[in-house]
Amino acid sequence: MKKITDAIIAKTSEVILGKQQQIKLALACILAKGHLLIEDLPGMGKTTLAHTLAQVLGLQFQRVQFTSDLLPADVLGVSVYDRNTANFKFHPGPIFTNVLLADEINRATPKTQSALLEVMEEAQVTIDAVTYTLPQPFFVIATQNPSSQIGTFALPESQLDRFLMRITINYPDAASERQLLQSNGGREQLAKLSPVIDATQLQALQSACHDIHVSDALLDYLQAILKYTRQSAQFNAGLSPRAGLSLKQCAQAWAMLDGRDHVIPEDIQSILPSVAGHRLVSNITLTGSVDNIAQLLKSVAV
Amino acid sequence: MTNKAGTQTNLSMHAIIWLLLSLSITFTLYAFNLENWVPACFVVFAIWRYLIEKNNWSYPTLWLRFPLTIAGGLAVLLTYGSLFGRDASVALLAVMISMKLLETRTKRDFIVMVILSYFLTVNILLFTQAIWVFLAVLLALTGLTACLISVSHQSMQTNISTQVWKNHFKVQVKLAGKLLLQATPIMLVLFVLFPRIPGPIWGIPQDSYSGMTGLSDSMEPGNISQLSLSSKIAFRVEFKSAIPANNQLYWRGPVLWHQEGRRWQMASDRIPLPMETLQTSGSATDYTITLEPHNRNWLLMLDLPEISASTLPAEARVKHDMQVLSKEPIRTRIRYQGSSYLQYKLGAELSEHERTLALQLIEDENPKTRQLAAQWISEKKSPTAMVEAALKMFREQEFVYTLAPPRLGKEPVDDFLFNTKRGFCEHYASSFVYLMRAAGVPARIVTGYQGGEINPNGNYLIVRQSDAHAWAEVWLQDRGWVRVDPTSAVSPDRIEMGIGAALTDSDLLPLLSRQDYPMLKHLYMNWDAVNNGWNQWVLGYDQAKQLALLKKLINKDIAWEDIGLILVVSMIALMLFVSYLLLSNKGMVLNPSNRIYQQFLKKLAKAGVTKLKHEGAISFGQRAAKTLPNQASEILEISALYSSMQYAKQANSKITNIQSLNLLKQLVNNLKV
């Protein structure tokens, strides 16, 4: 198992240089069957990361560039009257795929955003009273620019909660950047990239992830963290039970990536900033900052 | 499928082996106490059950088991004549347990079996309470506990290697021993405090007293020599002062007055005789006797006991002829104190009725003996001279002291005195008394024990059944009843040095009464000293001792009813407290691995690396390893082990968990920083 996941990470790293941690987090998110939100400035490689992952995992990939005039039908699909059969015929939108890259999701209007988020939750599309199931596995990698940028509609907290993880990519280190500059950019390599696994294998990995052991002692620690977020004056609101479940699932995936058959507190600590960061709003800065999470981790005893 | 079956064999094999081993100990003990076919029956079924397990045979069907059960019950009924009573019901239990082996396969069966076997095993103590039996019982109980442990572990075990499989035996028996050791304080407290009530708590069926040996209330030639073949201990004596010389140690038992052919009996109680007067001189000899049960009333005393309520054991009375009787037959080992005078004058006056009794003889028997007596009377010999003459006869003619005398004919006294001349103490005593009575000298036979063996370890005297003896008392004017031991005339060694020295044909004697084998004897003496302590302090811990001990402890008189009440109340309180601890989480904040890990943290803290509270074990281990590179590998190993014990899925066998716990302990103990 560890061999496969290591191969995936290695392959992805060939394109996304010097970002092992982010790749690992993204993979953990996928293994935990969650949707991923990548938040960073333009040009940091968000799209490349999403595309590469889809490619390496051998998944069908669709990309939608979100703009302020994008309508729900542009994403989900539309029923068109067919004169020959005198019937409405459904034309599936780009969402009927394994991996949907929703680029710059915060540029779209809330209407379109919520249409997408509903599908993310239910993994099916209902149009004109007919339900269409999405292919499995299905997940959304959304990218977003920091909300301070002009012309964006920030995702409300309730919708942020639909994303299992939020990660940032950050600037590459000097060596990686040099390597990048020496090549012709990742996109070219991306075309040549061969998949490491296929969709079935991915599903097997996802279910294996469920079997990673979570001991009572670990649940004690997890609950202590949840309790702290709810009781501390540091946060506006504590973590929800769903967030708790997400933490557990991500920690399981993280343990699997580390090649362990059980979760240890360090796993929780590794994924906590990414899983809880966008769910916790600090009372002081009114943002869910990484510093707050570090503070949280220091305050809860293992 | 084969794999699964193989695994299952591995699983219950532990339990089977433990069960069969422990029951083998139990049945070996029962082999001494029950009919031989009962242990044999166990052996058959045990082997059968083992083969079922080993070769995967099928279990016997109901059609086989049902008739077997009926047959077992019938066999007990036929052998013991009943299904009740101690022997029969224990035999029935033993047989049924043996058969139950054939249908013991599930966890529940095993638990039932183990509990039944616990019961069967402790039941052996109804038969015998010797120290080695007790130790064997402990051994069997340990095995049964190990069986119980293996039963509760096995349901969780999966495929294991042979090495681990063997190792499990060790772990199981260790745990069982630990459990029993932990139970020891409770056992001791209960032993000391559980109220002893006078007499047995429940009536033990009568048949439990069969087979006790001791002096009987009558004497025939042959029955004391029979007794002499037994090395069983009759009683033990501790003296307050120095132990008197061997030829002074006459332990008085039944006094026999009435002759009827070969048989001598105690005087009938129909006409009460007056108490014989006793004048003592010299200082008293004080001693304490621990009497083994013999199912008769006599309490043996050193010749002659002082008769006063203060020195006699409770509920005992003294007959007119100075034999001491208890109210009830002695069925448990008892201890009593005695005070005797070695110099005395007994029975200054002889009443007419006493004289008649002391001269009673069946008419027309033993003509030669009567003729000899008549000759003495015609010679007008004084009674003292007659005694002398008789003893001289024994001494100077070819009389032989032997355990294997020839059978005597129709006129036993004649036959002995003039024909065979070979006999044991009862022959000499009875013919001497007969001769005296025929010559008109009042005489009687006293039976009891003579001598004893000093155990240097503990300085007490062991008196065995083989020391049983019979001697005579004659009444002489002005001197009262005088002890005359005709055996001493024949074989002075018997009286001076004990029976082992007196007999040449020593093969007949019990091994331990013989003179050779000093090593063996030495060992035996040590062993008997242990046994004596066991009898006194464990088996002899009765109500009086308990009350005395408690009085010493709390400095206040206390009744056994109060002890019982206190005990019950404190047990309930203890149980409530324990259930409170179990129900609330207070008692168990730290699990064992956590405790050991805390020691590890302490060690590292001393070395300057303190774990931050939010640090996980692995990350802390890595940090500590960096700071202490010399111990890096140990620190990392401990951290990894602890982390996996805390967070990994625990192996389903507790044994593996105990092993990793031990490993953790070992690693932490070996860590030097």
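Residues numbered from 1 in each chain as written. Chains lettered and ligands numbered in written order. Predicted model: local features only at pLDDT ≥ 70, side-chain atom pairs only at ≥ 80, totals over all residues. Heavy atoms only, no water.

Caption draft 1: Highlighting the packing of helix H10 (residues 367-378) of chain B against helix H12 (residues 412-420) of chain B. All names here are of chain B. One can describe the packing of H10 onto H12 by two numbers: an axis separation of 7 Å at closest approach and a directional angle of 70°. On the basis of their axis angle, the class for H10 and H12 is roughly perpendicular. Contact with H10, carried on its side by Pro-367, Lys-368, Thr-369 and Leu-372, involves Val-413, Asp-414, Leu-417 and Phe-418 of H12 and no other residues of that element. Residue classes in the contact of H10 with H12 are distributed as five nonpolar, one polar and two charged. (Axes fitted to C-alpha atoms, helices over the stretch in contact; angles between N-to-C directions. Helix = DSSP H or I, 4+ residues; strand = E, 2+ residues; numbered from the N terminus. Parallel < 35°, antiparallel > 145°, perpendicular 65-115°, else oblique. Contact = heavy atoms within 4.5 Å. Nonpolar A, V, L, I, M, F, W, Y, C, P; charged D, E, K, R; others polar.)

Caption draft 2: A look at the nonpolar core. By size, the foremost hydrophobic cluster in this structure holds 86 residues, and its most contacted members are Phe-235, Trp-251, Phe-394, Phe-432, Met-436 and Val-474 of chain B. By residue number, the principal contributor to this core is helix H13 (residues 425-438) of chain B, which donates eight residues. Among the nonpolar cores identified, the runner-up in size contains 70 residues, and Ile-23, Ala-28, Leu-226 and Leu-272 of chain A belong to it. (Core = buried A, V, L, I, M, F, W, Y, C linked by side-chain atoms within 4.5 Å. Buried < 20%, exposed > 50% of the residue type's maximum accessible area, 1.4 Å probe, protein only.)

Caption draft 3: Highlighting the side chain of Asp-103 of chain A. Residues and elements named next belong to chain A. With respect to the helices and strands, the residue Asp-103 is situated in strand E5 (residues 99-103). Side chain to side chain, Asp-103 and Thr-143 meet in a polar contact 2.6 Å long. When near neighbours in sequence (up to four residues on either side) are disregarded, Asp-103 contacts Thr-47, Arg-63, Val-64, Gln-65, Phe-66 and Thr-143. (Polar contact = N/O pair within 3.5 Å; in protein donor to acceptor, adjacent residues only side chain to side chain.)

Caption draft 4: Highlighting empty space enclosed by the protein. Residues and elements named next belong to chain B. If you walk through the whole model with that rule in mind, you get two cavities of 30 Å³ or more. Roughly 110 Å³ of volume is contained in the largest cavity. Lining the largest cavity are 14 residues, with Pro-221, Pro-412, Val-413, Ser-430 and Ser-431 positioned closest to its centre. Where the lining of the largest cavity is concerned, the elements lending two or more residues are H12 and H13. Looking at which element gives the most residues to the lining of the largest cavity, the answer is H13, with four residues. In the lining of the largest cavity, the residues fall into seven nonpolar, six polar and one charged. (1 Å grid on protein atoms, 1.4 Å probe; cavity = no way out; pocket = protein on both sides within 12 Å on 5 of 7 lines; lining within 4 Å. Points joined across faces, edges and corners; volume = space filled by probe spheres on them.)

Caption draft 5: Layout of the pairing of strand E4 (residues 263-266) of chain B. Residue and element names in this part refer to chain B. Bridge count for strand E1 (residues 218-219) against E4 is two bridges, and the pairing is antiparallel. Bridging across to E4, Met-219 finds its partner in Trp-264. Both strand E3 (residues 250-260) and E4 contribute to a ladder of four bridges, which runs antiparallel. When the sheet's bridge partners are listed, Glu-260 is paired in E4 with Arg-263. (Pairing = 2+ DSSP bridges.)

Caption draft 6: Spatial organisation of helix H4 (residues 86-100) of chain B. All names here are of chain B. Compared with an ideal rise of 1.5 Å per residue, which puts 15 residues at 21 Å, H4 spans 21 Å between its outermost C-alpha atoms and is within 8% of the ideal. Summarising burial for H4: 11 of the 15 residues are buried, a large majority. All of the buried residues along H4 are Arg-86, Asp-87, Ala-88, Val-90, Ala-91, Leu-93, Ala-94, Val-95, Ile-97, Ser-98 and Met-99. (Expected span 1.5 Å × (residues − 1).)

Caption draft 7: Structural view of the state of the cysteines. Residues and elements named next belong to chain A. With the rule as written, the count across this model stands at zero disulfides over all chains. Here Cys-250 stays unpaired: no disulfide links it, and the sulfur of Cys-29, its closest cysteine neighbor, is 6.0 Å away. For Cys-250, a relative accessible area of 0% puts it in the buried group. (Disulfide = S-S within 2.5 Å.)

Caption draft 8: How the structure looks around the interface of chain B and chain A. Contacts between the two partners involve 13 residues from chain B and, on the opposite side, 16 residues from chain A. At the boundary of chain B with chain A, total buried surface from both sides reaches about 1200 Å², with 59% on carbon and sulfur atoms. Per-residue buried area on chain B facing chain A is highest for Lys-613, His-614 and Tyr-647 of chain B; these three make up 59% of the total on that side. Where chain B meets chain A, there are zero salt bridges. Secondary structure elements with two or more residues in the side of chain B that touches chain A: helix H21 (617-627) and helix H22 (632-647) of chain B. In terms of residues, the side of chain B that touches chain A owes the most to one element, H22 of chain B, which gives four residues. A breakdown of the residues in the side of chain B that touches chain A according to their chemical character gives four nonpolar, six polar and three charged. (Buried area = accessible area lost by both parts, 1.4 Å probe. Salt bridge = Lys/Arg side-chain N within 4 Å of Asp/Glu carboxyl O.)

Caption draft 9: Spotlight on the confidence of the model for chain A. Mean pLDDT over chain A works out to 83, with 94% of the residues at or above the 70 mark. Per-element confidence in chain A is highest for helix H11 (residues 241-257) of chain A, whose mean pLDDT is 90, and lowest for helix H8 (residues 186-192) of chain A, whose mean pLDDT is 70. (pLDDT = per-residue confidence, 0-100.)

Caption draft 10: Structural detail: unusual backbone geometry. Residue and element names in this part refer to chain A. Look at the link from Gln-136 to Pro-137: it is a cis peptide, with omega at -10°. Structurally, the position occupied by Pro-137 is in the loop between strand E7 (130-133) and strand E8 (139-144). Despite not being glycine, Lys-33 has its phi angle at roughly 60°, a positive value. As for its position among the elements, Lys-33 is in the loop between helix H2 (20-31) and strand E1 (35-39). We note that Asn-170 has phi near 70°; this positive angle belongs to a residue other than glycine. The residue Asn-170 is located in the loop between strand E9 (163-167) and helix H7 (174-182) in this model.

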